[in-house]
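Residues per chain, in single letters:
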Amino acid sequence: MTDTLHLDKRQRAMLAEMGVRVWSPMSEAAVIDAPAGEIEQPHSFVAASDLAKAEPVPTIIQRPEGIDQMGWSALQSTVSSCQACTLCGARHNTVFGVGALAAEGEAPQVDWLIVGEAPGEEEDLQGEPFVGQAGELLDNMLGAMSLSRTGARKPEGGGVYIANVLKCRPPGNRNPKPEEVAQCLPYLERQVALLKPKMILAMGRFAVQALLRDSVPELEGTPYGKLRGRVYQYQNVPVVVTYHPAYVLRNLPEKAKVWADLCLAMAHLKGSE
Ligand code: SF4
């Protein structure tokens, strides 16, 4: 990649923090092809103590009709009281999302939407996605792109919103079940429709499955790493697949690949303006 991004000292420091080496004069990040068959799976590590706990069986109440017509605040309030799947039983908080500040009741104005999988323990406690070490790494990634999780969109672009496919934590960070994703997905669909981002970064297998299952027929059998490096579409918004920060923290050499994915997304966004 040629140095078209004009990284300043701060961005280079953030890339260094991400473990991405930027060479001069070409400013080229090291990119190594993902090994075939790799599985990116941040939610697959479950503590034995969590497995021993039985999941509570809460009362299930059907989702209200008309989610696809809701405004931002109605959507937020519907999610906060949702009992449409069993995940409502053990949650401390729903995790709707976080991003650029917006006028009361309005969706934030953003160019970027980051879609993760499901809240973990800290996210559930704080009611915010991507906190803790994974959140710090995501913030460093955003910093390297001259973005921040709450920074407003400027005239030249920017603005970020961060959300998950599931709004409630699966106990023990187990993998989301298909029926839970099916129940929760209309909320993300409506978030995308209201946010109108110009680019979606899909982080993690369940995020990718949720966003691309209708448009990528070969999705199920494709190793996660092989899905990278292309621009897909979801609701007419470009989608770039990259690794979840929680996975990257356990596989530090993958940081360079994440930077390559972010460069692809930035270049596509720049080219479409
Ligand atoms: S995960 Fe989604 S569908 Fe399930 S209870 Fe939470 S908000 Fe509702």
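What you are looking at is a predicted structure, and each value in this text was computed from that prediction instead of being measured.

(A) Representation of the overall build of the protein chain. Each helix and strand counted, the protein chain has 9 helices and 6 strands in total. By residue count, 51% of the 273 residues in the protein chain fall in the buried class. Restricting the contact set of the protein chain to residue pairs at least 6 apart, pairs at least 24 apart contribute 74%. Carbon and sulfur atoms make up 52% of the accessible area of the protein chain, which amounts to about 12900 Å² in all.

(B) Here's a closer look at the sheet that holds strand E4 (residues 199-203). Pairing is mixed in the open sheet, where 6 strands are placed in the order E1-E3-E2-E4-E6-E5. Bordering the open sheet on either side are strand E1 (98-99) and strand E5 (231-234), each of which pairs with just one other strand. With 2 bridges connecting them, E1 and strand E3 (residues 160-164) associate as antiparallel partners. Along E3, the bridge assignment pairs glycine 99 with tyrosine 161.

(C) Representation of the site of the ligand. Every residue near the ligand is listed here: Cys82, Ala84, Cys85, Leu87, Cys88, Arg91, Lys167, Cys168, Gln183, Cys184 and Tyr187. A class-by-class count of the residues in the shell around the ligand yields 8 nonpolar, 1 polar and 2 charged.

(D) Representation of the pattern of salt bridges within the structure. Scanning the entire structure with this criterion turns up 8 salt bridges. Across the pair aspartate 261 and arginine 228 runs a salt bridge, and its minimum N-O distance is 2.9 Å. Within this pair, whereas aspartate 261 is found in helix H9 (residues 255-272), its partner arginine 228 is found in the loop between helix H7 (205-212) and E5, the two being separated by 33 residues in sequence. Because the salt bridges share partners, they merge into one network encompassing Asp111, Arg153 and Lys198.

(E) How the structure looks around the packing of aromatic side chains. Scanning all chains against the criterion turns up 4 aromatic pairs. Centre to centre, the rings of tryptophan 72 and tyrosine 161 are 5.3 Å apart; their planes meet at 80°, and the pair counts as edge-to-face. Here tryptophan 72, found in helix H3 (residues 72-80), pairs with tyrosine 161, found in strand E3; they are 89 residues apart in sequence, far enough to count as distant. Given the relative accessible area of 6%, tryptophan 72 is considered buried. Taking relative accessible area as the criterion, tyrosine 161 reaches 3% and is therefore assigned buried. Their ring planes at 25° and their centres at 5.0 Å tell us that tyrosine 243 and tyrosine 247 sit as a pair that is stacked.

(F) Spatial organisation of the side chain of aspartate 124. In this fold, aspartate 124 is placed in helix H4 (residues 121-126). Arginine 169 provides the closest opposite charge to the buried, unpaired aspartate 124, separated from it by 4.9 Å. Engagement of the side chain of aspartate 124 in a polar contact is seen with the side chain of histidine 92, the distance being 2.6 Å. Aspartate 124 has contacts with Arg91, His92, Asn93, Val95, Pro119 and Arg169, leaving out every residue within four places of it along the chain.

(G) Up close: the nonpolar core. With 72 residues, the main nonpolar core has Trp112, Ile200 and Leu212 as its most contacted residues. Of the residues forming this core, the biggest block, 8 residues, is contributed by helix H6 (residues 178-195). Those residues in contact with tryptophan 112 that sit more than four places away from it in its chain are Met145, Leu147, Gly159, Val160, Tyr161, Pro197, Met199, Leu201, Ala265, Met266 and Leu269.

(H) Focus on the pairing of E4. Taken across its 5 residues, E4 has 5 buried, putting it largely inside the fold. Of the two faces of E4, both are covered, the one formed by Met199, Leu201 and Met203 as well as the one formed by Ile200 and Ala202. Across 4 bridges, the pairing between E4 and strand E6 (residues 237-242) is parallel. Its bridge partner lying in E6, methionine 203 is registered against threonine 242.

What counts, and where the lines are drawn
Residues numbered from 1 in each chain as written. Predicted model: local features only at pLDDT ≥ 70, side-chain atom pairs only at ≥ 80, totals over all residues. Heavy atoms only, no water. Helix = DSSP H or I, 4+ residues; strand = E, 2+ residues; numbered from the N terminus. Buried < 20%, exposed > 50% of the residue type's maximum accessible area, 1.4 Å probe, protein only. Contact = heavy atoms within 4.5 Å. Areas by Shrake-Rupley, 256 points an atom, 1.4 Å probe, with all protein chains shown as cover. Pairing = 2+ DSSP bridges. Near = heavy atom within 4 Å. Nonpolar A, V, L, I, M, F, W, Y, C, P; charged D, E, K, R; others polar. Salt bridge = Lys/Arg side-chain N within 4 Å of Asp/Glu carboxyl O. Phe/Tyr/Trp six-rings, centres within 6.5 Å; stacked < 30°, edge-to-face > 60°. Lys, Arg positive; Asp, Glu negative; His and termini not counted. Polar contact = N/O pair within 3.5 Å; in protein donor to acceptor, adjacent residues only side chain to side chain. Core = buried A, V, L, I, M, F, W, Y, C linked by side-chain atoms within 4.5 Å.

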